[in-house]
Number of protein chains: 2
Amino acid sequence: MSEYNVAIVGATGAVGSRMIEMVSESKLHVKSLKLLASKRSAGTKLKYKDQELTVEETTPDSFAGIDLALFSAGGSVSKKFAPEAIKRGAVVVDNTSAFRMDPEVPLVVPEVNSEALAEHHGLIANPNCSTIQMVMSLEPIRERYGLSRVIVTTMQAVSGAGNRAIKETLDESRAYLDGEDYKPEVLPVKGDKKHYQQAFNVLPQIDVFEDDGYTHEEWKMIHETKKIMCGGDMDSNDIQVTATCTRVPVPIAHSESVYFEVLDKNANVAGIQEAISQFDGDVLQDDPDHQIYPQAINAAGKRDTFVGRIRPDQENKGAFHLWNVSDNLLKGAAWNSVEIAEYLDRMDLLHVK
Amino acid sequence: MSEYNVAIVGATGAVGSRMIEMVSESKLHVKSLKLLASKRSAGTKLKYKDQELTVEETTPDSFAGIDLALFSAGGSVSKKFAPEAIKRGAVVVDNTSAFRMDPEVPLVVPEVNSEALAEHHGLIANPNCSTIQMVMSLEPIRERYGLSRVIVTTMQAVSGAGNRAIKETLDESRAYLDGEDYKPEVLPVKGDKKHYQQAFNVLPQIDVFEDDGYTHEEWKMIHETKKIMCGGDMDSNDIQVTATCTRVPVPIAHSESVYFEVLDKNANVAGIQEAISQFDGDVLQDDPDHQIYPQAINAAGKRDTFVGRIRPDQENKGAFHLWNVSDNLLKGAAWNSVEIAEYLDRMDLLHVK
């Protein structure tokens, strides 16, 4: 069994800290772990198992001797350093959007399209958090009944915008309760012009707006879903997808209201429930009589995608609703990345060809 | 011009207090206002204009001499006392679900179907809050392009469950921030078996579950929308409607992600925006370039329905998204009820035939 020298780039972030946790619990044989971040964060000490590791500044030479590099420090960092890591022999699993739509780069949710890993050239992209939990809940349905159309509305947690967004929402909530003023500087989008109150409010903006009126987050859900579920055929209209993404004052775990149409018009709720309950990584929580349905507060800290509230559209045969919830920092980011590495290891693909 | 003796039943509730405010600002000539509630709340003193009024216990004889009775004290109170009020010559505007689906009772959003008021027999039903703001945003589109299908996901404010739900959510939020335990007893549904944390969480349950897996709130959105928009023809499949209703930790104002299909496949975003901006009671807030879109914190305290984020489904001609937000206690309840009374007065219908 192979042993790996692992690096985490962006180790001090909301996802980075979960990556450390996921690596420490992983089935991978980790020979060494190196924590990398920006110059500003260098010197920070972080726990890994029973060790205290010191965060180092990311440089090209940081990757000498590294077998696996997990990136989650923003698209520009990935664009700059991922090629340096690959050049030095590391396989990169990138949790930013930098390379996701590159036709040469596999975009992978292991339970859904692990076969795409075989095509990697040193870099595998981790999809967007909101996309991952949606395809996790739809793939078992697609396998059983075929899937033709998806209309999703998300209610996403603030941790998707990083640790500063969590702190802002909590501080702002306290200020609201105390009747004090608070000036937001992070949400809805750190780099956008205006910032709005997220505490006790819903913001229908995640990421910046595109020219067509969709946000970039909505664009990602549409195009990443097609890439993952339609085998990379980007011109495929096999599955129509459209999305509205919103942010709610929840620290961790995204919720999604998913409306979908299947090809097999004999599809039924019991069959969908069975398919989901048998799918690796999905947990069915669907018992209205006992008020059992997925909730963000219950999903936080877990690796699974929780699915419930499955019911038919009463006027359109083959159309259904479901409600899914998953920890955006784990299955939506850190766990999916480490899981990709575990699959690579198992498939003997954890090396640059 | 007629003068009216007005009564508010449920005056101490979240909606009742707004009814007092809406009556005080109304164009109606109000000769007197009587505040009614349960025995428990009798004796409470409440402000109306420059007067201090004492809340009285509701009895059949409370309605002697009353011309207009606004009910918002729960379905059982309406069922018991609305007939008594009508018997004594009052016109009842009922904000509960008690009579909404009675084919003899007009269900009215004045800007949408005021013509239905002509058919009243002493009682007019005020629709459910989440339904009202949806039909307010869809009616101008239906008028211009025809409407065939609606798929909505709501993110509703806790005030929809009353003053106790607001208090619970705020107290629970503070406990969460302080790291203290809190035992919820109201949300998601006061009368249901289990109660869950709403603070920093999303609950995909509003009202109790029906046998078909839909909640009663979802049922209301589907059937009330058809009754209001299809002229009372309940067998009509003219407009297909399906819904997912969720509760978010927001005190006031519901948000709705509405996907819809129109009949005229030449419909476009500019035409929809124009129709909405010209519709009485709607305010267009749709400028992504400047991050302008409806938000709950901005809509609270206002009577309008705010609409934005209008954009086409990129794969289905004639299909669009919109995002609407409105104060569930005002247009969703108290203001719509008082507005119904103003229309009745103007149409010379504020009397029992």
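Residues numbered from 1 in each chain as written. Chains lettered and ligands numbered in written order. Predicted model: local features only at pLDDT ≥ 70, side-chain atom pairs only at ≥ 80, totals over all residues. Heavy atoms only, no water.

As annotated in an unreviewed UniProt entry, chain A carries the name Aspartate-semialdehyde dehydrogenase and comes from Paucilactobacillus suebicus DSM 5007 = KCTC 3549. UniProt, in its Sequence similarities (unreviewed entry) section for chain A, records the words "Belongs to the aspartate-semialdehyde dehydrogenase family." Chain A has a UniProt comment under Function (unreviewed entry) that states "Catalyzes the NADPH-dependent formation of L-aspartate-semialdehyde (L-ASA) by the reductive dephosphorylation of L-aspartyl-4-phosphate." (UniProt positions renumbered as here; feature names shortened; annotations may be inferred.)

Engineer: Which residues make up the overall build of chain A, and what values go with them?
Structural biologist: Per the secondary structure count, chain A includes nine helices and 14 strands. Its C-alpha atoms give chain A a radius of gyration of 20 Å, within 12% of the compact-globule value 20 Å for 353 residues. With respect to the three principal axes, the spread of C-alpha positions in chain A is 60 × 55 × 40 Å. Partitioning the contacts of chain A with sequence separation of at least 6, the portion at a separation of at least 24 is 67%. Split by element, the accessible area of chain A, about 13000 Å² in all, is 47% carbon and sulfur. Side chains of chain A carry 37 positive and 53 negative charges; the gap between the two charge centres is 5 Å. (Helix = DSSP H or I, 4+ residues; strand = E, 2+ residues; numbered from the N terminus. Rg over C-alpha atoms; globule rule 2.2 N^0.38 Å. Contact = heavy atoms within 4.5 Å. Areas by Shrake-Rupley, 256 points an atom, 1.4 Å probe, with all protein chains shown as cover. Lys, Arg positive; Asp, Glu negative; His and termini not counted. Charge placed at Lys NZ, Arg CZ, Asp CG, Glu CD.)

Engineer: Provide a residue-level description of the UniProt feature "binding site: substrate" (unreviewed entry) in chain A, including the pertinent values.
Structural biologist: All names here are of chain A. The feature "binding site: substrate" (unreviewed entry), as annotated in UniProt, sits at Gln156 and Arg247 in this numbering. For the annotated residues, spread through 92 residues, the largest C-alpha to C-alpha distance comes to 4.7 Å, consistent with a single compact locus. Tracing the chain through its elements places Gln156 in strand β9 (residues 147-156). For Gln156, a relative accessible area of 1% corresponds to the buried category. Here Gln156 is in contact with Cys129, Ser130, Ile206, Glu217, Cys245, Thr246, Arg247, Val248 and His254, once residues within four sequence places are set aside. The residue Arg247 is located in strand β10 (residues 240-247) in this model. Given the relative accessible area of 4%, Arg247 is considered buried. Engagement of the side chain of Arg247 in a polar contact is seen with the backbone oxygen of Ala157, the distance being 2.8 Å. (Buried < 20%, exposed > 50% of the residue type's maximum accessible area, 1.4 Å probe, protein only. Polar contact = N/O pair within 3.5 Å; in protein donor to acceptor, adjacent residues only side chain to side chain.)

Engineer: Explain the pairing of strand β1 (residues 4-9) of chain A to me, using residue names and the numbers behind them.
Structural biologist: Residue and element names in this part refer to chain A. Of all the six residues making up β1, six are buried; the element is thus mostly covered by neighbouring parts of the structure. Sheet analysis places β1 next to strand β2 (residues 30-37), joined by six bridges and oriented parallel. Paired with Val6 across the two strands is Leu33, which belongs to β2. Relative to strand β6 (residues 68-71), β1 is paired through four bridges, and the arrangement is parallel. Along β6, the bridge assignment pairs Val9 with Phe71. (Pairing = 2+ DSSP bridges.)

Engineer: Residues and numbers for the pattern of salt bridges, please.
Structural biologist: In a structure, side chains of opposite charge can pair up when their charged atoms sit close to one another. Enumeration over the complete set of coordinates arrives at 36 salt bridges over all chains. Salt-bridge contacts for Lys331(A) lead to Glu111(A); the nearest nitrogen and oxygen are separated by 2.8 Å. Taken together, the residues span a long stretch of sequence, with Lys331(A) in helix α9 (residues 330-346) and Glu111(A) in helix α3 (residues 110-113) at a distance of 220 residues. For the pair Lys331(A) and Glu111(A), a shared accessibility class is recorded, and that class is buried. Its salt-bridge partner being Glu218(B), residue Arg309(A) comes within 2.6 Å of it at the nearest N-O pair. On the criterion of chain membership, the pair formed by Arg309(A) in strand β13 (residues 305-312) and Glu218(B) in helix α6 (residues 216-229) is interchain, its members lying in two chains. Salt bridges here are not isolated pairs; linked through shared partners, they connect Asp61(A), Glu84(A), Lys87(A) and Arg88(A). (Salt bridge = Lys/Arg side-chain N within 4 Å of Asp/Glu carboxyl O.)

Engineer: Any details on the pairing of strand β3 (residues 45-48) of chain A? Residues and values, ideally.
Structural biologist: For β3(A) and strand β4 (residues 51-54) of chain A, the ladder comprises four bridges, and the chain directions are antiparallel. Within the sheet, the bridge partner assigned to Lys47(A) lies in β4(A) and is Glu52(A).

Engineer: With reference to specific residues and values, describe the environment of Asn126(A).
Structural biologist: Residues and elements named next belong to chain A. Mapped onto the elements of the fold, Asn126 is located in the loop between β8 (123-125) and α4 (129-145). Taking C-alpha positions, Asn126 is 17 Å from Glu139, a pair spaced 13 residues apart along the chain. The residues touching Asn126, leaving out its near neighbours within four places in the chain, are Asp94, Asn95, Thr96, Arg100, Leu107, Ile132, Gly332, Ala333, Asn336, Ser337 and Ile340. In terms of polar contacts, Asn126 uses its side chain to reach the backbone amide nitrogen of Ser337, at 3.2 Å.

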